[in-house]
Each structure stands twice: as structure tokens, then as C-alpha cells.
Amino acid sequence: MQLSRADKIKAEEIAKEKNLSLDEVKKIIAAPYDFIREKSKEIVFKDGMSKEDFEKMKKNFNIPAIGKLYASYFLYNEFQERKKKKNRISKN
């Protein structure tokens, strides 16, 4: 994880205050983002899902420091349309 100069200074302060290495502090900072990345890759959206099937899926994350992240049916349809266009172009 790349930290800005200000964030690196703050992380170094925290590391010193809590008697941790800078690497440990960076891992703590990155943990929520790593969790989101890992869990979102586990979600499989099948092609052609109905709105009802989509709504039944678990696709929300609530990370207190970040907020609620979710996948909407609107975005699902947008990705489906892009996928169809890409497939049409590759066939030609």
C-alpha cells in the first residue's frame, strides 16, 4: 500500500506510539480494503439474472470507517450491456 507523505508521517507516529513496525501499521490500514477486495471477488454475478435473483444475493459491505458499499441492479445491467457489446464486436 502506497501512503501519501502526510499519511506516512502519521503512520510512523502511530507505529512509534503503539510500539509497532511501520509495516504492521500499513497492514492495519490496508486490512479493510483487502477484505473488500477479497470478498467482492468471491461474488459471482451470473449472466441474465432477474432483478429478484439479483436482490437475493449478498452484495453489501458495511465498513464503519468507510461506509456502506453495495452493488446495484442498475450497475449489473450496465455491465451486462457492455459485455454483450464486447462479444458482438469480437465476433465481427
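What you are looking at is a predicted structure, and each value in this text was computed from that prediction instead of being measured.

A. Up close: the environment of Y33. You can see Y33 is positioned in helix α2 (residues 22–42). Distance in space between the C-alpha atoms of Y33 and I66 is 9.5 Å, their sequence separation being 33 residues. Beyond its immediate sequence surroundings of up to four residues, Y33 is in contact with M1 and I66.

B. Highlighting the side chain of K59. Residue placement: K59 occurs in the loop between α3 (51–56) and β1 (60–63). Within the buried set, K59 has no salt-bridge partner at all; the shortest N-O distance to an opposite charge, 4.1 Å, is to E55. Among the polar contacts made by the side chain of K59, one reaches the main-chain carbonyl oxygen of F54 at a distance of 3.3 Å. A distance of 3.3 Å separates a polar atom in the side chain of K59 from the backbone oxygen of M57. The residues touching K59, leaving out its near neighbours within four places in the chain, are I43, F45, F54, L69, Y70 and A71.

C. Structural detail: the side chain of Q80. Position of Q80 relative to the elements: it lies in helix α4 (residues 73–91). Look at Q80 and you get buried, because its relative accessible area is 13%.

D. Focus on the packing of aromatic side chains. By the definition in use, this model includes six aromatic pairs. Considering the side-chain rings of F35 and F61, the 6.1 Å spacing of their centres and the 85° angle between planes classify their relative orientation as edge-to-face. On the criterion of sequence distance, the pair formed by F35 in helix α2 and F61 in strand β1 is long-range, its members being 26 residues apart. Members of the aromatic cluster, connected to one another through ring pairs, are F45, F54, Y73 and Y76. Cation over ring: R82 sits above F79, and NZ or CZ is 5.5 Å from the ring centre.

About the criteria used
Residues numbered from 1 in each chain as written. Predicted model: local features only at pLDDT ≥ 70, side-chain atom pairs only at ≥ 80, totals over all residues. Heavy atoms only, no water. Helix = DSSP H or I, 4+ residues; strand = E, 2+ residues; numbered from the N terminus. Contact = heavy atoms within 4.5 Å. Buried < 20%, exposed > 50% of the residue type's maximum accessible area, 1.4 Å probe, protein only. Lys, Arg positive; Asp, Glu negative; His and termini not counted. Salt bridge = Lys/Arg side-chain N within 4 Å of Asp/Glu carboxyl O. Polar contact = N/O pair within 3.5 Å; in protein donor to acceptor, adjacent residues only side chain to side chain. Phe/Tyr/Trp six-rings, centres within 6.5 Å; stacked < 30°, edge-to-face > 60°. Lys NZ or Arg CZ within 6 Å of the ring centre and 35° of its normal.

These figures capture arrangement, not role.
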